[in-house]
Number of protein chains: 2
Amino acid sequence: MSFKVSDIGEKELIKYIISNSKNITPDDTAVTPFNFSNLISTCDMLIQSKHFPENMSYFDMGFKAVTVNVSDLAAMGAKPLGFLLAIAFPKDLNLDSFKQLIDGVINACDYYEIPLIGGDTNEASEIIISGTALGLCDNPLMKNTYNLGDLIAVTGDIGLAALGFNLTDDNIYTNKVLKPRARIKEGLILKNYATSATDITDGLASELYEIKKDGFGFIIYEDKLNISDDFKKLSRDFNLDYLDLIFHVGEDFELLFTISKDDIDDLTIDFNVIGEVTDSDVVELVLDDGNVVGIKNKGYEHLC
Amino acid sequence: MSFKVSDIGEKELIKYIISNSKNITPDDTAVTPFNFSNLISTCDMLIQSKHFPENMSYFDMGFKAVTVNVSDLAAMGAKPLGFLLAIAFPKDLNLDSFKQLIDGVINACDYYEIPLIGGDTNEASEIIISGTALGLCDNPLMKNTYNLGDLIAVTGDIGLAALGFNLTDDNIYTNKVLKPRARIKEGLILKNYATSATDITDGLASELYEIKKDGFGFIIYEDKLNISDDFKKLSRDFNLDYLDLIFHVGEDFELLFTISKDDIDDLTIDFNVIGEVTDSDVVELVLDDGNVVGIKNKGYEHLC
C-alpha cells in the first residue's frame, strides 16, 4: 500500500525532516552561534491560493510576506539584520500589480528596519513569496524555558483575524487579516524580561501545546482573554464558536510569552496576562462560569 | 494600456527591485558585515515544472535545491554556515517520494558540509523548493574586481548540461543535468588567488556580460574551451549549434573566475584558462579558424 503525504500530515512530515537532521533547533527560528553572538535565521513561504485572502491587495501580500518572517525574529527577541526575497509569479501578472507587491515588501522592510539584501525571481502559475529573515541576538528567547508559577501573557487580543476571515467590511477584524503587523519592538524589550516566547500563527491552543514540556501545564482564564461583546455577537451571527476562533485558528502574529511574577510590573509594553504555568501536565481553560475544561491540541495544519 | 511582467522580462523586474532598495549587493550573494567577518546569504527557488527535468529523481531534486544555493556561496569563496529549506508539495505526493526528496536535501547538506538548520513546509500544486544558504567570508570574491590582463578561467567544461537537456541516456551530459555539483571546495581555494569569481548558471555569455564593467572587455578562445569531438558530433546530431550550447544555455554550476598571470601557477585546483581581460569594452570569441566574432548577451531568462 502506498501512503500519501496527506495521510500523515504536516507535523509528522516535519518530524521526519528533524529526525534526519541533527542541526535543527526546534524553536521559532534557527540559532547559530557565531563570534560571541547568535545568528537568528528563519524562512516562511506564502502561496497565493493558501495564504492570501481574495480581497487582499498586492501591496498587503508583499507586506505580509515580510511580517510572517519578522514575527519569528520577534519571538526570539532578535534584532533584524537582513531580509531575502525569493518570489515567483505568473507571466501575465500586471506590471502595476508586480510593482505594488514589491512596494509592499520594501515598505515592510522599512517599517521593521530590516534591510532587503537579496533575492531571486521566478515564474509560476500563482504568486509564491518565500522570505528569509536574518537577525542577531545574544540571548535568544526560547519557547520552553519557563518556570513553574510564571505568568502567561500575550501582546494583544487573540482571535481577531480568525473572525476577520469571515467578514468583508473594513473593521478591526478584517484589518488584522489584511494588515497583520509583527511585534518586533515588543520582542526586543521582552528578551530582557520574559522567560520564554513564541509567536501565535497556528492558533493559541496549538502554540500552548508547542511550548508545553513534560510535567508542566498551563491554566488560561476566559475572563482574562479580553473578549468583547462585539466579538461574541459577530461570532454568533456567523454561527461560530467564539472560543474556537480564539484557540484554534491563528494568524494573530501576537507574541505569547511567560514572565516571572516578580518582573511583570517592570514591563513597558502593552500586554495581557491570560494565565499561569502549572505542574498539572495539562492545558486547561477556566470558563467565565467557573467550570474548568481541557483545551484541545487543534490548530491550523497544512497537508491534512 | 496595461503592461504584463512578461512585456519587460526578468532582468528589468530585478532592476525595479534593486532600484527601490539601497541595501542589495549586485553580486552572487548578499554580503552583510557581521561581528568582524561577513555574513554571506543567498536564496534560490526551484519550481518543479521549470527547473526539474521529467526524468529527474526526487532525491536529485532535493540535492539540486541545495547545490544551486551552495554554488552562490562557492562563487564568493564563502565557508558554509547553514541551510534553510522552505518546501511546498502536493497533498497527494507519495510519502516515499517525499522521503527521497528530503534525503536528497540532507545528503547534499552532508556533501557540502552545510548544516540544515531550519525550514518551512507548505502545500502547493507542484513541488517548490526555496533554499537559503548562509556562509561566512572575511574577503568575499566579488564579480567585477578583475584587472586588465588577468586570465579568465573556469573550473570545468562548459555546455555539458546544455547538451544533456537534449539527451536521455546515462552519460556525462545527462549526469551534469541530473546531478550537478557546486564547486564549494574550489571556491574556498580560489578566494586566496582569484581576482573575481561568479558561478555559471544562466550561460557563459550571460555571466561574462554580468561581470563586465565599463572600459573592460573579454577575449575568449574557442581552442581553449576544451570542446570534444563527441560534443560537436552530438550537437550536430540534434541540429544544435555547439557554440550556442556552450555560451547561451547555462546550468553548468562551474565557477568563472579571473586571476593574475603571476598567480596562475600556484593554483591547486583543476581549471581551464579560456581567455583574458582586455580594455576593448567588448566580449569577443576567437574561433578555431582565427576569425574573431562578438559574443551576444543572450542567456536563460525567466518571465520573457
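Residues numbered from 1 in each chain as written. Chains lettered and ligands numbered in written order. Predicted model: local features only at pLDDT ≥ 70, side-chain atom pairs only at ≥ 80, totals over all residues. Heavy atoms only, no water.

1. Considering the overall build of chain A
Next up, step 1: Assigned secondary structure in chain A consists of ten helices and twelve strands.
Next up, step 2: By the compact-globule yardstick of 19 Å for 304 residues, chain A fits well, its C-alpha radius of gyration being 19 Å.
Next up, step 3: Considered along the principal axes of its C-alpha atoms, chain A spans approximately 55 × 55 × 55 Å.
Next up, step 4: With 304 residues in all, chain A has 59% of them scored as buried.
Next up, step 5: For chain A, restricting intrachain contacts to residue pairs at least 6 apart in sequence, the fraction spanning at least 24 positions comes to 84%.
Next up, step 6: Carbon and sulfur atoms make up 46% of the accessible area of chain A, which totals about 12500 Å². (Helix = DSSP H or I, 4+ residues; strand = E, 2+ residues; numbered from the N terminus. Rg over C-alpha atoms; globule rule 2.2 N^0.38 Å. Buried < 20%, exposed > 50% of the residue type's maximum accessible area, 1.4 Å probe, protein only. Contact = heavy atoms within 4.5 Å. Areas by Shrake-Rupley, 256 points an atom, 1.4 Å probe, with all protein chains shown as cover.)

2. Some thoughts on the interface of chain A and chain B
Next up, step 1: Between chain A and chain B, the contact holds 66 residues from the first and 67 residues from the second.
Next up, step 2: Interface of chain A and chain B: buried area, both sides summed, is about 6000 Å²; carbon and sulfur atoms make up 66% of it.
Next up, step 3: Across the contact surface, chain A and chain B share two salt bridges.
Next up, step 4: With a closest N to O distance of 3.2 Å, Glu123(B) and Lys50(A) form a salt bridge.
Next up, step 5: Along the contact surface separating chain A from chain B lie 24 residue pairs in polar contact (both at pLDDT 80 or more).
Next up, step 6: Among the secondary structure elements, those contributing two or more residues to the side of chain A that touches chain B are helix H1 (5-19), strand S1 (30-34), strand S2 (37-47), helix H2 (48-51), strand S3 (79-89), helix H4 (95-111), strand S4 (116-123) and strand S5 (128-136) of chain A.
Next up, step 7: Within the side of chain A that touches chain B, the residues separate by chemical class into 36 nonpolar, 20 polar and ten charged. (Buried area = accessible area lost by both parts, 1.4 Å probe. Salt bridge = Lys/Arg side-chain N within 4 Å of Asp/Glu carboxyl O. Polar contact = N/O pair within 3.5 Å; in protein donor to acceptor, adjacent residues only side chain to side chain. Nonpolar A, V, L, I, M, F, W, Y, C, P; charged D, E, K, R; others polar.)

3. With respect to helix H9 (residues 229-237) of chain A
Residue and element names in this part refer to chain A.
Next up, step 1: Buried within H9 are the following residues: Phe231, Leu234 and Ser235. Along the axis of H9, the buried residues cluster in a sector spanning 105 degrees; they form a single face. Across from the buried face of H9, at angles greater than 90 degrees, the exposed residues are Asp229 and Arg236.
Next up, step 2: Its buried side turned inward, H9 meets helix H5 (160-164), helix H6 (172-178) and helix H10 (242-248). (Arc of directions from axis to C-beta.)

4. Points about the pairing of strand S9 (residues 255-259) of chain A
Residue and element names in this part refer to chain A.
Next up, step 1: Across the five residues that make up S9, a large majority, five, are buried.
Next up, step 2: Here S9 shows no split at all, with Leu255, Phe257 and Ile259 on one side and Leu256 and Thr258 on the other all buried.
Next up, step 3: As paired strands, strand S6 (residues 151-154) and S9 are joined by four bridges and run antiparallel to one another. From the neighbouring strand, valine 154 faces S9, where its bridge partner is leucine 256. (Pairing = 2+ DSSP bridges.)

5. So, the sheet that holds strand S12 (residues 292-294) of chain A
Residue and element names in this part refer to chain A.
Next up, step 1: The strand order S7-S9-S6-S10-S8-S11-S12 describes an open sheet built from seven strands, whose pairing is mixed. Each having just a single partner strand, strand S7 (194-199) and S12 make up the two edges of the open sheet. Adjacent strand axes in the sheet meet at a mean angle of 25 degrees when their direction is disregarded.
Next up, step 2: Judged from the five bridges that link them, S7 and S9 form a sheet pairing that is antiparallel. Residue pairing across strands places alanine 197 opposite phenylalanine 257, the latter belonging to S9.
Next up, step 3: Lying on the sheet, helix H3 (residues 58-76) is in contact with S7 and S9; it crosses S7 at an angle near 170 degrees.
Next up, step 4: Of the strands in this sheet, S7, strand S8 (217-221), S9, strand S10 (272-278) and strand S11 (283-286) are in contact with helix H8 (residues 204-211), which crosses S9 at around 45 degrees. (Axes fitted to C-alpha atoms, helices over the stretch in contact; angles between N-to-C directions.)

6. Quick notes on empty space enclosed by the protein
Next up, step 1: In the structure shown here, the tally under the stated rule is two cavities of 30 Å³ or more.
Next up, step 2: In this structure, the largest cavity spans a volume of roughly 50 Å³.
Next up, step 3: Around the largest cavity sit Ile47(A), Ala124(A), Ser125(A), Glu126(A), Ile128(A), Ile47(B), Ala124(B), Ser125(B), Glu126(B) and Ile128(B), which together line it.
Next up, step 4: Estimates place the volume of the second largest cavity at around 30 Å³.
Next up, step 5: Within the lining of the second largest cavity, the residues separate by chemical class into five nonpolar, two polar and one charged. (1 Å grid on protein atoms, 1.4 Å probe; cavity = no way out; pocket = protein on both sides within 12 Å on 5 of 7 lines; lining within 4 Å. Points joined across faces, edges and corners; volume = space filled by probe spheres on them.)

7. Describing the sheet that holds S1(A)
Consider a sheet: its strands pair through backbone hydrogen bonds, and that pairing is either parallel or antiparallel.
Next up, step 1: Strand order in the open sheet formed by five strands is S1-S2-S5-S3-S4 (chain A), and the pairing between neighbours is mixed. What marks the edges here is a single partner per strand, and that holds for S1 and S4 of chain A. Neighbouring strand axes in the sheet, compared pairwise and without regard to direction, differ in orientation by 15 degrees on average.
Next up, step 2: In this structure, S3(A) lies alongside S4(A), joined through seven bridges in parallel fashion. Residue pairing in the sheet places Leu85(A) in a bridge with Gly119(A) of S4(A).
Next up, step 3: Across the sheet, H3(A) lies against S1, S2, S3 and S5 of chain A, angled at about 145 degrees from S2(A), the strand it touches most.
Next up, step 4: Contacts between helix H1 (residues 5-19) of chain B and the sheet are confined to S3 and S4 of chain A, with S4(A) contributing the most and set at about 165 degrees to the helix.

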